Amino acid sequence: MTSRLAAYAAAATEFRTLAAAIPSGRWEIPRAEGKWSPAQETEHVVLSHELFLSQLQGGPPMRAIVTGWKLIPMRWLALPWILRTGRFPRGARAPRESRPVAVGASRGELLARMDRAVLGVTETLGGGASTRIHPRMRHPYFGMMTVSQVVQLSTVHTQHHAATMQKESAAHR
């Protein structure tokens, strides 16, 4: 778990660095029609980390989006593909709980929230408290997952969005 937590923290640091480098004039402008702005994308990543921490601390899981027999291909085909390739299926919508709400939080506020959530996850899982954590968590698309799998998926998710931030930053230099 130690190496997965290190990769998780490194992905968050990379994302944070890239988000901080987006020019102010581009921060709230969507990349394209129907796409998120860097601010909205950052809020989505922040919400994802906060939701992970909340569930680790005993908070409620996100609502299930995929259930029943549809969960089988998601769990046994899509999840391993995502973890192996670092790519997410086109058109996959973010769970409602992690969609940006456009409340006008500043870049500094969003990045500080991300720092707190990531630190909370790494401290919770890296310290003695991890023995008191339920070993499984519910993901809205993939059902029950081990905490280690959630750390790995969160890492890949953050890297996915870091790549988008990298493209945004490079396109406007």
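Scoring rules and cut-offs
Residues numbered from 1 in each chain as written. Predicted model: local features only at pLDDT ≥ 70, side-chain atom pairs only at ≥ 80, totals over all residues. Heavy atoms only, no water. Helix = DSSP H or I, 4+ residues; strand = E, 2+ residues; numbered from the N terminus. Expected span 1.5 Å × (residues − 1). Axes fitted to C-alpha atoms, helices over the stretch in contact; angles between N-to-C directions. Parallel < 35°, antiparallel > 145°, perpendicular 65-115°, else oblique. Left-handed = near helix turned anticlockwise from the far one by under 90°. Contact = heavy atoms within 4.5 Å. Nonpolar A, V, L, I, M, F, W, Y, C, P; charged D, E, K, R; others polar. Buried < 20%, exposed > 50% of the residue type's maximum accessible area, 1.4 Å probe, protein only. Pairing = 2+ DSSP bridges. 1 Å grid on protein atoms, 1.4 Å probe; cavity = no way out; pocket = protein on both sides within 12 Å on 5 of 7 lines; lining within 4 Å. Points joined across faces, edges and corners; volume = space filled by probe spheres on them. Phe/Tyr/Trp six-rings, centres within 6.5 Å; stacked < 30°, edge-to-face > 60°. Salt bridge = Lys/Arg side-chain N within 4 Å of Asp/Glu carboxyl O.

(A) Focus on helix α2 (residues 38–56). For α2, which comprises 19 residues, the first-to-last C-alpha distance of 27 Å matches the rise-based estimate of 27 Å (1.5 Å per residue) to within 8%. Phi turns positive one or two residues past the end of α2, at Gly 58, with a value near 95°.

(B) Layout of the packing of helix α1 (residues 2–21) against α2. The geometry of α1 relative to α2 is characterised by a closest axis approach of 11 Å and an angle of 155° between their N-to-C directions. For the element pair α1 / α2, the angle class is roughly antiparallel. For the pair α1 and α2, the sense of crossing is left-handed. For the pair α1 and α2, contact is made by Tyr 8, Phe 15 and Ala 19 and by Glu 41, Thr 42, Val 45, His 49 and Phe 52, respectively. Each residue belonging to the contact of α1 with α2 can be placed in one class, and the counts come to five nonpolar, two polar and one charged.

(C) Representation of the pairing of strand β1 (residues 136–139) in the model. Across the two faces of β1 the burial differs, with Met 137 and His 139 buried and Arg 136 and Arg 138 not buried at all. With four bridges joining them, β1 and strand β2 (residues 143–146) adopt antiparallel strand pairing. The residue bridging Arg 138 from the neighbouring strand is Met 144, located in β2. Between β1 and the antiparallel strand that follows it, β2, lie three residues.

(D) Structural view of the layout of surface pockets. Here the largest pocket is characterised by a volume of approximately 1400 Å³. The set of elements that each furnish at least two residues to the lining of the largest pocket consists of α2, α3 (71–85), β1 and α5 (147–171). At 10 residues, the largest contribution of residues to the lining of the largest pocket is made by α5. Among the residues making up the lining of the largest pocket, the classes are represented as 19 nonpolar, 14 polar and 10 charged.

(E) Spotlight on the packing of α2 against helix α4 (residues 107–126). Closest axis-to-axis distance for the α2/α4 pair is 9 Å, and the angle between their directions is 30°. The angle between α2 and α4 falls in the class roughly parallel. Considering only the axes of α2 and α4, their crossing is left-handed. Where α2 abuts α4, its residues Ala 39, Thr 42, Glu 43, Val 45, Val 46, Leu 47, His 49, Glu 50, Phe 52, Leu 53 and Leu 56 lie against Leu 110, Leu 111, Arg 113, Met 114, Arg 116, Ala 117, Val 118, Gly 120, Val 121, Thr 124 and Leu 125. The residue makeup of the contact of α2 with α4, split by class, is 14 nonpolar, four polar and four charged.

(F) View of the packing of aromatic side chains. Tallied over the full model, the rule gives two aromatic pairs. Both rings, one in Tyr 8 and one in Phe 52, keep their centres 6.0 Å apart while their planes meet at 90°; by these two values the pair is edge-to-face. Of this pair, Tyr 8 sits in helix α1 while Phe 52 is found in helix α2, placing the two residues 44 residues apart along the sequence. Using a relative accessible area of 0% as the deciding quantity, one classes Tyr 8 as buried.

(G) How the structure looks around the pattern of salt bridges. Enumeration according to the criterion identifies three salt bridges in this entry. One salt bridge connects Arg 16 with Asp 115, and the closest N-O pair in it is separated by 2.9 Å. In this pair, Arg 16 sits in helix α1 while Asp 115 sits in helix α4, placing the two residues 99 residues apart along the sequence. For Arg 113, the salt bridge is made with Glu 50, and the minimal N-O distance between the two is 2.8 Å. Pair noted here: Arg 113 is in helix α4 and Glu 50 is in helix α2, with a separation of 63 residues, a long-range link.

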